[in-house]
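Coordinate inspection notes
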Amino acid sequence: MNNGTKKKGAPFKVQWERHVLRVAKLKNPTHALVGMAYIGYANPDGSNPRPPAMKRIAADLGLSERTVERAFEGLEAAGLIVRLTRGIPGKASHWRFVIPTGDATALTEAPDSGDGVPTHHQHRGGPHGSHQR
């Protein structure tokens, strides 16, 4: 089982931030900003049992909720987050942070957040393909 770290030393959260800033090459810098704000609510190991709603992230950054929603879509398309559950009114969606590797069948992911949603250990369908939910 993956312990949530890519290499020894830095916590997963720091590794994900470094990856987003140095490696991911996101087309829109707002996507990176939103990702940084979101992971700011996570534990050092990347787990996030009580994620903030997009409304909270929007307020934190002075952005519209739609801009934050598009940023999450961009982060998901880049393979940096995986949606685990879709939010309902009054409850946030749950996302898992992911550091894609060069191998499309392997990922480094944040550990199970204890939210009852299973941790996924393999990326299905290539780097931006469908994910098991």
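Criteria and cut-off values
- Residues numbered from 1 in each chain as written.
- Predicted model: local features only at pLDDT ≥ 70, side-chain atom pairs only at ≥ 80, totals over all residues.
- Heavy atoms only, no water.
- Phe/Tyr/Trp six-rings, centres within 6.5 Å; stacked < 30°, edge-to-face > 60°.
- Helix = DSSP H or I, 4+ residues; strand = E, 2+ residues; numbered from the N terminus.
- Buried < 20%, exposed > 50% of the residue type's maximum accessible area, 1.4 Å probe, protein only.
- Expected span 1.5 Å × (residues − 1).
- Arc of directions from axis to C-beta.
- Contact = heavy atoms within 4.5 Å.
- Lys, Arg positive; Asp, Glu negative; His and termini not counted.
- Salt bridge = Lys/Arg side-chain N within 4 Å of Asp/Glu carboxyl O.
- Polar contact = N/O pair within 3.5 Å; in protein donor to acceptor, adjacent residues only side chain to side chain.

A short note on the packing of aromatic side chains
Two aromatic rings, taken as a pair, are described by how far apart their centres are and by the angle between their planes. If you walk through the whole model with that rule in mind, you get four aromatic pairs. Judged by centre distance (5.1 Å) and plane angle (65°), the ring pair of Trp16 and Phe97 falls under edge-to-face. In this pair, Trp16 is assigned in helix H1 (residues 12–22) and Phe97 in strand E2 (residues 94–100), connecting sequence segments 81 residues apart. Neither Trp16 nor Phe97 differs from the other in exposure class; each is buried. Between Tyr38 and Phe97 the ring centres are 5.3 Å apart and the planes differ by 45°, which places this aromatic pair in the tilted class. With a gap of 59 residues between them, Tyr38 in helix H2 (residues 29–39) and Phe97 in strand E2 connect regions that are remote in the sequence. By relative accessible area, Phe97 is classed as buried at 0%.

Observations concerning helix H4 (residues 65–77)
Helix length check: H4, at 13 residues, gives a terminal C-alpha distance of 18 Å against a target of 18 Å (1.5 Å per residue), a fit within 8%. Looking only at H4, the buried set comprises Val68, Ala71, Phe72, Gly74 and Leu75. With its buried residues spanning 160° around the axis, H4 presents them on a single face. Buried residues belonging to H4 abut H2, helix H3 (54–61), strand E1 (81–85) and E2. Looking one or two residues past H4, Gly79 carries a phi angle of roughly 80°, positive in sign.

Topic: the side chain of Lys13
Relative to the elements of secondary structure, Lys13 occurs in helix H1. Among buried Asp, Glu, Lys and Arg side chains, Lys13 stands out as unpaired, with Glu17 the closest opposite charge at 5.5 Å. At 2.9 Å, the side chain of Lys13 forms a polar contact with the backbone oxygen of Ala42. Apart from the residues within four sequence positions on either side, Lys13 is in contact with Ile39, Gly40, Ala42, Asn43, Pro44 and Gly46.

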